[in-house]
Amino acid sequence: MKKRIIIFSVLIVLLIIFFIVLQHVTLKQYRQSFDCLNTTCEITVFSKNPKAKKIVNKAVLKTQALENEYREEIEEINQKEGTLTISNQLYKLLQLEEKYQSLWNNNELTSLWKRSLNKSKIPTTEELKKFSLTSVQLLKNRQIKADDFDLNIDGILSGKISDEVSTYLEQEGFNSYMINYGGNITVGKHYKNQFTVSLYMPITNEYFKTVSGNHLSIYSVGMNDATVIEGIAYTPVINNETKYPYQHHTSVTVIDSDPIKAQLLSNLLFSLSLEEGKKIALEKNVQNVIWVENDQTIEYLKDMKA
């Protein structure tokens, strides 16, 4: 009887060891969806290490903390005027926005358009007349100046946070991941070959292209955030002169290894004609750009494999 108990105990121990080993050698997908950046976000890690679950949770908390940090400083600034000294990290963000012609001082106007488009409405002429837009100057020593601050960092924030979160995941030893911030994707290295991301036509949602690769960011304006009203697609990237969204294209998608660059450039190219956009995209040495024109034709900066 004693011998049987010993054998049975050994079997139990071996089974426990087997399941522990199996847990560490079986690839799993660790995913968490959450609200951030005024949209639904998702972080996924592919790993054999069960520690990945904890790391994904920390990456989510990091995303939310970074967003709150930037939002809180912007909210404080937007209640002031004149010359201010701001944090070094926000100053660097604004420098990048200025470099890509995306330093927007139209937060309230953009917010009006977002609220209206969420209700499938266009702001009235009377509502738009209330906005007298001013510019922002970047001075030395982390100082900025404006008659009235109304800063909008939507054109860089998700790219910046994605850059920091992907760096965090890789520093923790998790290189196979996908970060999805409202349809804007950043991927690491696939555990087998390459990640594949499908692109769909704005409005009709018909598949038209697959992007494959590792260490890529795919950022779009108009593909995931357009609202159709009376046959016209509106995306809240606002022309400060007309106070209406730009209408040069239905969508612009930028593909690059740098999520900050991809987001900034997608916003800039959305505000430019196709000819101007192609010239600047080549100057910026971006991996590729896809334009969906208003007549539903598709233009590529560089040829892509079918």
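Provided above is the structure to which this section pertains.
Residues numbered from 1 in each chain as written. Predicted model: local features only at pLDDT ≥ 70, side-chain atom pairs only at ≥ 80, totals over all residues. Heavy atoms only, no water.

**Here we look at the pattern of salt bridges**
Then comes step 1: This model, assessed by the stated rule, comprises 9 salt bridges.
Then comes step 2: Here the salt bridges do not stand alone but share partners, grouping Glu67, Arg71, Lys114 and Asp154 into one network. (Salt bridge = Lys/Arg side-chain N within 4 Å of Asp/Glu carboxyl O.)

**Quick look at the layout of surface pockets**
Then comes step 1: Its boundaries defined by the atoms lining it, the largest pocket holds a volume of some 750 Å³.
Then comes step 2: In terms of lining, the largest pocket is formed by 29 residues, of which the most central are Leu37, Lys114, Asp154, Asp225 and Pro236.
Then comes step 3: In terms of residues, the lining of the largest pocket owes the most to one element, helix H4 (residues 107-118), which gives 4 residues.
Then comes step 4: Its residues assigned to classes, the lining of the largest pocket comprises 10 nonpolar, 15 polar and 4 charged.
Then comes step 5: If you trace the second largest pocket, you find 23 residues lining it, with Asn78, Asn107, Glu108, Ser111 and Asp150 closest to the centre.
Then comes step 6: Looking at the lining of the second largest pocket, the elements with two or more residues in it are helix H2 (51-77) and H4.
Then comes step 7: Here the lining of the second largest pocket takes 6 residues from H4, the largest share from any one element.
Then comes step 8: The residue makeup of the lining of the second largest pocket, split by class, is 6 nonpolar, 9 polar and 8 charged. (1 Å grid on protein atoms, 1.4 Å probe; cavity = no way out; pocket = protein on both sides within 12 Å on 5 of 7 lines; lining within 4 Å. Points joined across faces, edges and corners; volume = space filled by probe spheres on them. Helix = DSSP H or I, 4+ residues; strand = E, 2+ residues; numbered from the N terminus. Nonpolar A, V, L, I, M, F, W, Y, C, P; charged D, E, K, R; others polar.)

**Digging into the nonpolar core**
Then comes step 1: With 63 residues, the main nonpolar core has Ile144, Leu169 and Tyr181 as its most contacted residues.
Then comes step 2: Looking at which element gives the most residues to this core, the answer is H2, with 9 residues.
Then comes step 3: Counting 15 residues, the second-largest nonpolar core is a separate cluster that includes Phe46, Met201, Ile255 and Ile290. (Core = buried A, V, L, I, M, F, W, Y, C linked by side-chain atoms within 4.5 Å. Buried < 20%, exposed > 50% of the residue type's maximum accessible area, 1.4 Å probe, protein only.)

**Considering the packing of aromatic side chains**
Then comes step 1: Using the criterion set out here, one finds 5 aromatic pairs in the structure.
Then comes step 2: Consider the rings of Phe46 and Tyr191, whose centres lie 5.5 Å apart with planes at 45 degrees: the pair is tilted. Highlighted residues: Phe46 in strand S2 (residues 39-47) and Tyr191 in the loop between strand S7 (184-187) and strand S8 (195-200), separated in sequence by 145 residues.
Then comes step 3: With relative accessibility at 15%, the residue Phe46 sits in the buried group. (Phe/Tyr/Trp six-rings, centres within 6.5 Å; stacked < 30°, edge-to-face > 60°.)

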